[in-house]
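Fold and geometry: a report
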Amino acid sequence: MVTVADILALPAIYEWELLTEVPNALGRRVVNIGVFDAMPDESEYDDYLPGEFIISNMGFARESQRDAEHALCTILARNVAAVAIRNVYDIRITDKIRAASLRSSTPLFVYQGEYYEQVIFQAMKLIERDAQDSDVAVFVGEGASLP
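Conventions used here
Residues numbered from 1 in each chain as written. Predicted model: local features only at pLDDT ≥ 70, side-chain atom pairs only at ≥ 80, totals over all residues. Heavy atoms only, no water. Helix = DSSP H or I, 4+ residues; strand = E, 2+ residues; numbered from the N terminus. Contact = heavy atoms within 4.5 Å. Buried < 20%, exposed > 50% of the residue type's maximum accessible area, 1.4 Å probe, protein only. pLDDT = per-residue confidence, 0-100. Expected span 1.5 Å × (residues − 1). Phe/Tyr/Trp six-rings, centres within 6.5 Å; stacked < 30°, edge-to-face > 60°.

What follows concerns the environment of Ile120. Here Ile120 is to be found in helix H4 (residues 116-141). Sequence separation between Ile120 and Arg103 is 17 residues; the distance between their C-alpha atoms is 27 Å. Setting aside its immediate chain neighbours within four residues, Ile120 contacts Ile33, Val35 and Ile55.

See below:
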């Protein structure tokens, strides 16, 4: 099982900070990684699913703190595994954003590291390896032996 801690330990993430103390922030299961790169529309980010680790640089909202706050509060309500921001545009994390994180129990992080494409690449490789290892464990667990 891949966790939020596993994603944050990837070489592409140099350092990170948890901005809200939510239960089991680092132990939450990650099943996919998603890019958060646009303002919400009428679907309110329905494409983002529970268990996804969401990553962004918030470039789409860099001109408006109000837009950034609205977008972050909306994505935090999606019950994703975590939201991590490479805050190169100095988006202010307001009390309203922190409250949305606490209300949904979705951990919110800022990180320093490589471009989010590198984080995504490394995270997907990790998730794929975990899935392959799980398949082998099930295969072996059914009484079969490895070749």
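Of note in the backbone geometry, Tyr45 takes a positive phi value of approximately 65° without being a glycine. Overall, Tyr45 belongs to the buried group, its relative accessible area being 6%. With a phi angle near 55°, Asp90 is a residue other than glycine that sits in the positive phi range. Residue placement: Asp90 occurs in the loop between strand E4 (82-85) and helix H3 (95-104). Exposure remark for Asp90: the relative accessible area of 66% places this residue in the exposed category.

All right, on to the confidence of the model for the protein then. Here the protein shows a mean pLDDT of 90. Residues at 70 or above account for 91%. Of all the helices and strands in the protein, H4 carries the lowest mean pLDDT, 80, while helix H1 (residues 4-8) carries the highest, 98. Counted against residues more than four places away or in other chains, residues 143-147, with its pLDDT under 50, gives 4 contacts.

The next subject is helix H2 (residues 65-76). Counting along an α-helix, one turn takes 3.6 residues, and residues three or four places apart therefore face a common direction. With 12 residues, H2 should reach 16 Å at 1.5 Å per residue; the first-to-last C-alpha distance of 16 Å fits that figure. All of the buried residues along H2 are Ala68, Glu69, Ala71, Leu72, Cys73, Thr74, Ile75 and Leu76.

Considering all chains together, one arrives at 4 aromatic pairs under this definition. Here Trp16 and Phe109 contribute two aromatic rings whose centre-to-centre distance is 5.5 Å and whose plane-to-plane angle is 80°, an arrangement assigned as edge-to-face. Here Trp16 is found in strand E1 (residues 13-18), whereas its partner Phe109 is found in strand E5 (residues 108-113), with 93 residues between them in sequence. Seen in terms of ring centroids, Phe36 and Phe60 are 5.2 Å apart; in terms of plane orientation they differ by 70°. Their pairing is edge-to-face. Linking Phe36 in the loop between strand E2 (32-35) and strand E3 (52-56) with Phe60 in the loop between E3 and H2, this pair joins segments that are 24 residues apart in sequence.

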